Amino acid sequence: MKTLLLPTKTYRLNGRLWFETEDGRFLGIGRLELLEHIAALGSISKAAQAMGMSYKRAWDLVSSMNAQASTPLVATQTGGTKGGGAIVTEAGQAAIAEFRALQERFQEFMAAETKRVQER
């Protein structure tokens, strides 16, 4: 690979990481951010608005994650005196923490590989 790189350019590896099943994506950086917004705002609707996505898209992503997980990552409550809302479950909180840690290790790997490629 090194012989293909121009000495006048700075190269770096770049990539994204996600989990998927035969049903499609389960968890990636966008879904992680959605979970974090739901946790902070207590609402799928408010999380969607904060991310600039439609409520339907956010709801579809939450439904997909919940359907592919052994236990739901988000729990919802409709109506009531507090007007409904959503919470990230304990499993969802664990998914956030574990995916963040996995993302850090992935970035460390990418940085190490970039350094290896740049060494001439």
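Right above here is the structure, for reference.
Conventions we followed
Within every chain, residues take consecutive numbers counted from 1 along the sequence as written. The predicted origin of the model limits local features to residues at a pLDDT of at least 70 and limits the giving and counting of side-chain atom pairs to 80 or more, whereas totals for whole chains, interfaces and linings rest on all residues. Heavy atoms from the whole structure form the basis of all side-chain values; hydrogens and water molecules are not counted. Put simply, DSSP marks the helices as runs of H or I at least four residues long and the strands as runs of E at least two long, and each gets a number from the N terminus on. Computation of the radius of gyration draws on C-alpha atoms, with the globule rule given as 2.2 Å multiplied by the number of residues to the power 0.38. Remark: exposure states derive from per-residue accessible area (1.4 Å probe, protein chains only) relative to the maximum for the residue type, with buried under 20%, exposed over 50%, and partly exposed in between. Contact criterion: two residues are considered in contact whenever any of their non-hydrogen atoms come within 4.5 Å of each other. Per-residue and other accessible areas were derived by the Shrake-Rupley procedure at a 1.4 Å probe size, with only the shown protein chains allowed to occlude residues. Positive charges are assigned to Lys and Arg, negative charges to Asp and Glu, while His and the chain termini are left out of the count. Here the site of a charge means NZ on Lys, CZ on Arg, CG on Asp, or CD on Glu. In summary, the pairing rule links any two rings of Phe, Tyr or Trp, Trp by its six-membered ring, whose centres are within 6.5 Å, and it sorts them by plane angle into stacked for under 30 degrees, edge-to-face for over 60 and tilted for everything else. Charge-over-ring contacts are defined here by two conditions on Lys NZ or Arg CZ: a distance within 6 Å of the ring centre and an angle within 35 degrees of the ring normal. Inter-axis angles, ranging from 0 to 180 degrees, are taken between N-to-C directions of lines fitted to C-alpha atoms, where helices are fitted over the stretch in contact. Oblique is the label for any angle not under 35 degrees, not over 145, and not in the 65 to 115 range, which are roughly parallel, roughly antiparallel and roughly perpendicular in turn. When DSSP finds at least two bridges between two strands, those strands are taken to pair. The nonpolar core is taken to be a set of buried Ala, Val, Leu, Ile, Met, Phe, Trp, Tyr and Cys residues, with the residues joined through side-chain atoms within 4.5 Å. Any Lys or Arg side-chain nitrogen found within 4 Å of a carboxyl oxygen on Asp or Glu counts as a salt bridge.

## Things to note about the overall build of the protein chain
Then, number 1: Tallying secondary structure elements over the protein chain gives 4 helices and 4 strands in all.
Then, number 2: Starting at the N terminus, the α and β elements of the protein chain follow one another as β-β-α-α-α-β-β-α.
Then, number 3: Rg of the C-alpha trace for the protein chain: 19 Å, well past the compact-globule value of 14 Å for 120 residues, more than 25% over.
Then, number 4: By principal-axis analysis of the C-alpha atoms, the protein chain measures approximately 65 × 30 × 25 Å.
Then, number 5: Counting all 120 residues of the protein chain, 28% fall into the buried class.
Then, number 6: Considering only contacts in the protein chain between residues 6 or more positions apart, those separated by 24 or more positions represent 54%.
Then, number 7: Roughly 8,200 Å² of accessible area belongs to the protein chain as shown, and the carbon and sulfur atoms make up 53% of that amount.
Then, number 8: Charge-centre separation for the protein chain: the mean point of 15 positive side chains lies 8 Å from the mean point of 12 negative side chains.

## Here's the deal with the packing of aromatic side chains
Then, number 1: Considering all chains together, one arrives at 2 aromatic pairs under this definition.
Then, number 2: Both rings, one in Tyr-55 and one in Trp-59, keep their centres 6.5 Å apart while their planes meet at 20 degrees; by these two values the pair is stacked. Here Trp-59 and Tyr-55 lie together in helix α3 (residues 55-68), a separation of 4 residues that amounts to about one turn.
Then, number 3: Of the residues examined, Trp-59 reaches a relative accessible area of 33% and is grouped as partly exposed.
Then, number 4: One Lys or Arg, Arg-25, reaches over the ring of Trp-18 and ends 3.7 Å from the middle of that ring.

## Things to note about the packing of helix α1 (residues 29-41) against α3
Then, number 1: Following both chains from N to C, one finds α1 and α3 inclined at 100 degrees, their axes separated by 11 Å at the closest point. In terms of orientation, α1 lies roughly perpendicular with respect to α3. Residues Arg-31, Leu-34, Leu-35 and Ile-38 of α1 form the contact with α3, whose participating residues are Ala-58, Leu-61, Val-62, Ser-64, Met-65 and Gln-68.

## Comments concerning the pairing of strand β1 (residues 18-21)
Then, number 1: Note that β1 and strand β2 (residues 24-28) share 4 bridges and pair antiparallel. Counterpart to Thr-21 in the pairing with β2 is Gly-24.
Then, number 2: In this structure, the hairpin formed by β1 and β2 is closed by a connection of 2 residues.

## Structural notes on the nonpolar core
Then, number 1: The biggest cluster of nonpolar side chains holds 22 residues, and the ones touching the most others in it are Leu-34 and Ile-38.
Then, number 2: It is α1 that contributes the most residues to this core, 5 residues altogether.
Then, number 3: Leaving out residues up to four positions away in the same chain, Leu-34 has contacts with Ala-47, Met-51, Ala-58, Leu-61, Val-62 and Met-65.

## What about the pattern of salt bridges?
Then, number 1: What the rule picks out here adds up to 3 salt bridges.
Then, number 2: The partner of Glu-36 in a salt bridge is Arg-100, with the nearest N and O atoms 2.9 Å apart. Of this pair, Glu-36 sits in helix α1 while Arg-100 sits in helix α4 (residues 90-118), and the two are 64 residues apart along the sequence.
Then, number 3: Since its relative accessible area comes to 28%, Glu-36 is described here as partly exposed.
Then, number 4: A salt bridge links Arg-116 to Glu-113, with the shortest nitrogen-to-oxygen separation between them at 3.1 Å. A residue pair is termed a helical-turn pair when its members lie 3 or 4 positions apart in one helix, as Arg-116 and Glu-113 do in helix α4 at 3 residues.
Then, number 5: Glu-113 sits in the partly exposed class, given a relative accessible area of 21%.

These results come straight from atomic positions and should not be treated as a statement about function.
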